[in-house]
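# Examining the three-dimensional arrangement
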Amino acid sequence: MQIFNEEIKNALEKNLYEHFAEFIEEQTLPFKELMAYYRCAMLEVSTKFNVLNEEFSLQYDRNPIEAIKTRLKTPESIMNKLHRRDIEPTVENIEKNIYDIAGIRVVCGFPSDIFMLADALAGQDDITVIEKKDYINTPKPNGYRSLHLIVETPIFLHDKKKLMKVEVQFRTISMDWWASLEHKIRYKKNVTITDEINSELLLCAEIGAGLDKRMEEIHDKVVKMTETGNGKDIV
Ligand code: 0O2
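The text that follows walks through the structure, step by step, so that each part is easy to find. (Residues numbered from 1 in each chain as written. Predicted model: local features only at pLDDT ≥ 70, side-chain atom pairs only at ≥ 80, totals over all residues. Heavy atoms only, no water.)

## Some thoughts on the site of the ligand
Convention followed: For this description, a residue counts as near a given molecule or strand if any of its non-hydrogen atoms is within 4 Å of it. Counting of polar contacts relies on pairs of N or O atoms within 3.5 Å, with two restrictions inside protein: one atom must be capable of donating a hydrogen and the other of accepting it, and residues adjacent in sequence are counted only when both atoms are side-chain atoms. Only protein atoms enter the calculation, which uses a 1 Å grid: trapped sets of points that fit a 1.4 Å probe without letting it out are cavities, open sets showing protein on both sides within 12 Å along at least five of seven lines are pockets, and any residue with an atom within 4 Å of a point is a lining residue. The way we define it, a molecule is inside a pocket or cavity when more than half of its atoms are within 2 Å of that pocket's grid points. Strands here mean DSSP runs of E at least two residues long; helices mean DSSP runs of H or I at least four residues long; both are numbered from the N terminus. Residues were grouped as follows: Ala, Val, Leu, Ile, Met, Phe, Trp, Tyr, Cys and Pro as nonpolar; Asp, Glu, Lys and Arg as charged; and all remaining residues, including Gly, as polar.
Taken together, the neighbourhood of the ligand is formed by 16 residues, with Arg71, Lys81, Arg85, Tyr135 and Asn142 sitting nearest. Between His148 and the ligand, the recorded distance is 2.9 Å, taken from a side-chain N or O atom to an oxygen atom. For the ligand, a nitrogen atom lies 2.8 Å from a polar atom in the side chain of Glu182. Judged by the fraction of its atoms near the pocket grid, the ligand is located in the largest pocket. Among the elements that make up the shell around the ligand, the one with the highest residue count is helix H5 (residues 173-186) (three residues). Counted by class, the shell around the ligand contains three nonpolar, four polar and nine charged residues.

Here it is as structure tokens:
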């Protein structure tokens, strides 16, 4: 009986491994291809921001963008997201259900630059905005601020055009600084984040938002002074 059970177990395991090997073989190439498409889409959109920054630099002598960061979601993170949503892990399902595989973070000097750049991107005739989450006018309860857009952009392959989704997160320097540190603090292993820590994080986010507002007001004042010629010597 024992030997019989062992045999069944071995057969089942063999079957499982064979299935797994088949799955990897079938999905690896299409998965790599899909990730390459997302990488191209990410390049397309980040080039658009570089062009906008260059244009502003030439026309208005200023750069609204402080930094552009790009990242492709890792296979592990994609699998976790599918698992969380109870979606079968196939390449088709990844493309159909996950919108933030290609991610671009645009870090700006002032909050108004964020909305100006988002409008400039949305206005381009090859871009379609699929989703918009404005966590600047309506911050998350924990204090998180950013403007998130999911856009669709075409990539041109040798024989076809493919529409790919890209997530763009727009933040000011202070929003980016807060989000990076909050993420580090919140995801420390084996630590429970208390209400007190949450309140402190929220307070820091609010201080950051206050500073953004004041810096923007100072900037506006200086721009007005230069426009009227009033502040030549002061600026
Ligand atoms: P990663 O590695 O940064 O991409 P969804 O992605 O739509 O299923 P959700 O929460 O509705 O889930 O999306 P949302 O609100 O658009 O936020 C997604 C991303 O925004 C996160 O990506 C973070 O990058 C950022 N984000 C959102 N909320 C917070 C926050 O409270 N703190 C920080 N630091 N970042 C936040 P991922 O998927 O978490 O990871």
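On we go from here.
## What about the layout of surface pockets?
Our working definition: Grid points are joined across faces, edges and corners, and a volume is the space filled by probe spheres set on the points.
Computed from the structure, the largest pocket encloses a volume of approximately 1100 Å³. Residue lining of the largest pocket: 33 residues in total, with Asp100, Arg105, Tyr144, Gln169 and His183 positioned closest to the centre. Listed by contribution, the elements that provide at least two residues to the lining of the largest pocket are strand S1 (65-72), helix H2 (75-84), strand S2 (102-108), strand S3 (128-134), strand S4 (147-156), strand S5 (161-172) and H5. Considered class by class, the residues forming the lining of the largest pocket number eight nonpolar, 10 polar and 15 charged.

## Concerning the nonpolar core
Put simply, the rule reads: Only buried residues count toward a nonpolar core. Its members are Ala, Val, Leu, Ile, Met, Phe, Trp, Tyr and Cys residues joined through side-chain atoms within 4.5 Å. Note on classification: 1.4 Å probe, protein chains only; a residue is buried when its accessible area is under 20% of the maximum for its type, exposed when over 50%, partly exposed between these limits. Any two residues having at least one pair of non-hydrogen atoms within 4.5 Å are treated as being in contact.
Formed by 37 residues in total, the largest nonpolar core has its most connected members in Phe49, Val106, Val168 and Phe170. When residues in this core are grouped by element, the largest group, 10 residues, is from helix H1 (residues 2-60). Setting aside chain neighbours within four positions, we find Phe49 in contact with Ile65, Ile68, Val106, Leu117, Leu121, Val168 and Phe170. One finds Tyr135, Ala179, Leu201 and Ala205 within the second-largest nonpolar core, a separate group that totals six residues.

## As for the packing of aromatic side chains
Applicable threshold: Ring geometry is summarised as follows: Phe, Tyr and Trp rings, the Trp one being its six-membered ring, pair when their centres sit within 6.5 Å, and such pairs are stacked at plane angles under 30 degrees, edge-to-face over 60 and tilted between the two.
What the rule picks out here adds up to two aromatic pairs. Aromatic pair Phe49 and Phe170: ring centres 5.6 Å apart, planes at 80°, arrangement edge-to-face. Of this pair, Phe49 sits in helix H1 while Phe170 sits in strand S5, and the two are 121 residues apart along the sequence. One exposure class covers both Phe49 and Phe170, and it is buried. Plain terms: the ring middles of Tyr135 and Tyr144 are 5.8 Å apart, the flat faces sit at 65° to each other, and that makes the pair edge-to-face. We note that Tyr135, like Tyr144, is buried.

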